[in-house]
Amino acid sequence: MSNRTESYLIGLVGDGVMPSLSPYMHEREGDVQGVRYLYRPIDLHDLDLPATSVGDLLQSAYRMGFNGLNITHPCKQLVLGHLDEIAPDAQRLGAVNTVVIQDGRFIGHNTDFSGFAAALASGLPDAKLDRVVQLGAGGAGSAVAYALLTAGVQTLELVDMDPVRCAERAAELAGFFPDRTVTARTTAELPQLMPAADGLVHCTPVGMAAHPGTPLDMALVEPRHWVADIVYRPIETELVRESRAKGCQVLDGGRMAVGQAADAFRIFTGLEPDAERMRAHFLELIAAEEVAV
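Residues numbered from 1 in each chain as written. Predicted model: local features only at pLDDT ≥ 70, side-chain atom pairs only at ≥ 80, totals over all residues. Heavy atoms only, no water.

Draft legend 1. Spotlight on the pairing of strand S11 (residues 226-229). On S11, burial covers both faces: Trp-226 and Ala-228 on one face and Val-227 and Asp-229 on the other are all buried. Relative to S11, strand S10 (residues 199-202) runs parallel, the two sharing four bridges. In the sheet register, Leu-200 faces S11, and the bridge partner there is Val-227. Where S11 and strand S12 (residues 249-251) come together, three bridges link them in parallel fashion. Across the sheet, Trp-226 pairs through a bridge with Gln-249, a residue of S12. Of the crossover connections in this fold, the one passing from S11 over helix H9 (residues 238-246) to the parallel S12 is right-handed. (Buried < 20%, exposed > 50% of the residue type's maximum accessible area, 1.4 Å probe, protein only. Helix = DSSP H or I, 4+ residues; strand = E, 2+ residues; numbered from the N terminus. Pairing = 2+ DSSP bridges. Right-handed = clockwise from strand over helix to strand, strands pointing away.)

Structure follows, in structure tokens:
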């Protein structure tokens, strides 16, 4: 008889998480795998709780029998002080988005970086990684940059509107990967950077439904470039659509969303998720949203 946990109770803690697609992806994969899997959003906004209550929520989750929690904005850094153990990559990134509850201990992981790494490997397996330009060095951008360097990018040009944040992030990443070149750049330098780049990665809100447009002058994008976006609402951002029309290989933001969900599912259950099956379900959910709108 298997000693595997027969059911899983998982939560998602963050501000404004009710529209999240994570519950549907996790629960559907649990159904297909034949395990009872319940994934509940715990919305700070709806509960009128401050982000600093994340430690209390962890303790409450433990007392109520939760197996783990996903953690999103604005708690990914705040949760660090409430954990008993943190995976090395999450420790380096200074951010945790997945917490396993085991024997009363809280163990933190970061599947944002591993999710993007998996997305890159599956969606752009032949991408040339000598020199990459990344737009956006915020929280998600940090995880993506770390994933790019882990995947083998030799020279990473970080471009951000905040020069101080960009310089700090570049210096930190260069410290983790001393054999690589990580440089802080400005948007004004893009006309010089793009001709030398193999690929472009986009990690800003531009392209979301509330922030339409493209994050750079599309004349700078050439057919030889590969282009990755992490925005997935809509799944076909202007950047993805126009890059594909130019003949670029593209990676839509849904791949990272699915990659981080699949990795979290594996961490919570010990079961191997089918990432392509989860992606097919994710695309169904996105298509249903777009029809509803």
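Draft legend 2. Main features of the environment of Ala-287. Examined against the element boundaries, Ala-287 turns out to sit in helix H11 (residues 275-292). Residue classification places Ala-287 among the partly exposed positions, given a relative accessible area of 36%. For the pair Ala-287 and Ile-235, spaced 52 residues apart in the sequence, the C-alpha separation amounts to 8.8 Å.

Draft legend 3. Expanded view of the packing of helix H6 (residues 139-151) against helix H7 (residues 163-176). Between H6 and H7, whose axes approach to 11 Å, the crossing angle comes to 30°. Between H6 and H7, the interaxial angle falls into the category roughly parallel. For the pair H6 and H7, the crossing hand works out as right-handed. Taking contact as the criterion, the partners of Ser-142, Ala-145, Tyr-146 and Leu-149 in H6 are, on H7, Arg-169, Leu-173 and Phe-176. (Axes fitted to C-alpha atoms, helices over the stretch in contact; angles between N-to-C directions. Parallel < 35°, antiparallel > 145°, perpendicular 65-115°, else oblique. Left-handed = near helix turned anticlockwise from the far one by under 90°. Contact = heavy atoms within 4.5 Å.)

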